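Structural features, examined
Spelled out from the first residue to the last, the chains are:
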Amino acid sequence: MIDIRKLLMQYNIRPSRIKGQHFLINEAVLDRIVDYANIDGKVVLEIGCGVGNLTKKLLEKADRVIGVEIDPRLVSILTQEIKSDHFELIHGDILKIDMPEFEKVVANIPYSISTPLTFRILEKEFHDGVLMYQKEYAKRMVADHTDKWYGRLSAVLKAFAHVEILEYVPKTCFYPVPKVDSAIVRIKPVPDIFPAHKDFFFSMVRELFGQRRKKLKNSILHFLRVYGLDMESSTKIAGRVFEIMDIKDKRVEEISVEELVELCDTVYDFLQEKGVR
Ligand code: SAH
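Let us look at the structure shown here. Bear in mind the structure is a predicted one, so any value in this text is a computation, not a measurement. (Residues numbered from 1 in each chain as written. Predicted model: local features only at pLDDT ≥ 70, side-chain atom pairs only at ≥ 80, totals over all residues. Heavy atoms only, no water.)

**Considerations on the sheet that holds strand 5 (residues 104-108)**
Taken in spatial order, the seven strands of this open sheet run 4-3-2-5-6-9-7, and their pairing is mixed. Here the strands that pair on one side only, and so sit at the sheet edges, are strand 4 (87-91) and strand 7 (161-169). When the angles between neighbouring strand axes are averaged without regard to direction, this sheet yields 20°. Two elements, strand 6 (residues 128-134) and strand 9 (residues 182-189), share six bridges in a ladder whose sense is antiparallel. Pairing of M132 across the sheet is with I184, part of strand 9. Sitting on the sheet, helix 4 (residues 72-81) is in contact with strand 3 (64-69) and strand 4, with an inclination near 165° to strand 4. (Pairing = 2+ DSSP bridges. Helix = DSSP H or I, 4+ residues; strand = E, 2+ residues; numbered from the N terminus. Axes fitted to C-alpha atoms, helices over the stretch in contact; angles between N-to-C directions. Contact = heavy atoms within 4.5 Å.)

What follows is the structure, encoded as structure tokens:
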């Protein structure tokens, strides 16, 4: 176990002043993260370097590590602790900085921004990522439409990437010990099931999952009305969609992600034909 407390005290930082952040102190887990990520000779992005536990290990294998850290006290520790020409540190907020180019992303992330952070990463082109999330959140990420954890997060993520839980990590591997357990997740972008119209897909999925208990014949009508169509046009478009796809009596949470992507792209095409888009 790495003694973070001692390190922080050396820099005159009282550990209780670093609020809401949990450092990964278990060496074996840190080593496995680096192994999973397969980073030999690659450019790696690390989000939230903390005091550099993972960063140091990444630097042993990667060609270059670009770290992002928001907390000025930790930035100061990192610049003193890590002297490597292969390390570039960006002091800033991962949700606000200009995203750098990278091949792999490896990080024990701040859980409070799991969703915006994940979508920020997915806007970039990269090979794959190995990231630590809160355990229940990770279960929602990987869930299938046949699974009770399935929801909007699972659907949207799966439309852009393969996601897989590599292992669960107990809370005792962190300092200070958090209330929740964690999980290491691999994310690999897969362009072949990208929806053709990304923003439209996002907004339609949001509406459909907002009505997740309704059958699609009703929730799609609702979506089209919200979208600004009159009842007649909405009914016509919905009718044409259900001629192609036999899903009208299912709920959005009962169809696969492939079907969901096809559904949204089909509705988009019909709207475009009508000159609505
Ligand atoms: N990776 C380290 C620290 C994990 S704690 C370890 O495993 O030990 C999460 C880290 O993310 C903290 O260092 C925190 O300061 C940083 N952080 C929190 N919000 C951030 C943001 N918006 N942008 C960049 N870093 C952030």
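From this point, things continue past the structure.
**Points about the environment of A161**
Mapped onto the elements of the fold, A161 is located in strand 7. Separated by 84 residues in the primary sequence, A161 and M245 have C-alpha atoms spaced 24 Å apart. In this structure A161 touches L122, I187, K188, P189 and V190, once residues within four positions along its chain are discounted.

**Structural notes on the layout of surface pockets**
Over the atoms a probe the size of a water molecule is rolled, and this reveals where empty space is left. Quantified by volume, the largest pocket comes out at close to 600 Å³. As for the largest pocket, its lining consists of 34 residues, of which Q21, G48, N108, I109 and P110 are closest to the centre. Elements with a contribution of two residues or more to the lining of the largest pocket: strand 1 (23-24), strand 2 (43-47), helix 3 (53-61) and strand 3. Considering only residue class, the lining of the largest pocket consists of 19 nonpolar, eleven polar and four charged. By volume, the second largest pocket is sized at about 420 Å³. Taken together, 17 residues make up the lining of the second largest pocket; nearest its centre are F119, L122, F160, K198 and F202. Secondary structure elements with two or more residues in the lining of the second largest pocket: helix 5 (114-122), helix 7 (152-158) and helix 8 (198-210). Across the lining of the second largest pocket, the residue classes break down as ten nonpolar, one polar and six charged. (1 Å grid on protein atoms, 1.4 Å probe; cavity = no way out; pocket = protein on both sides within 12 Å on 5 of 7 lines; lining within 4 Å. Points joined across faces, edges and corners; volume = space filled by probe spheres on them. Nonpolar A, V, L, I, M, F, W, Y, C, P; charged D, E, K, R; others polar.)

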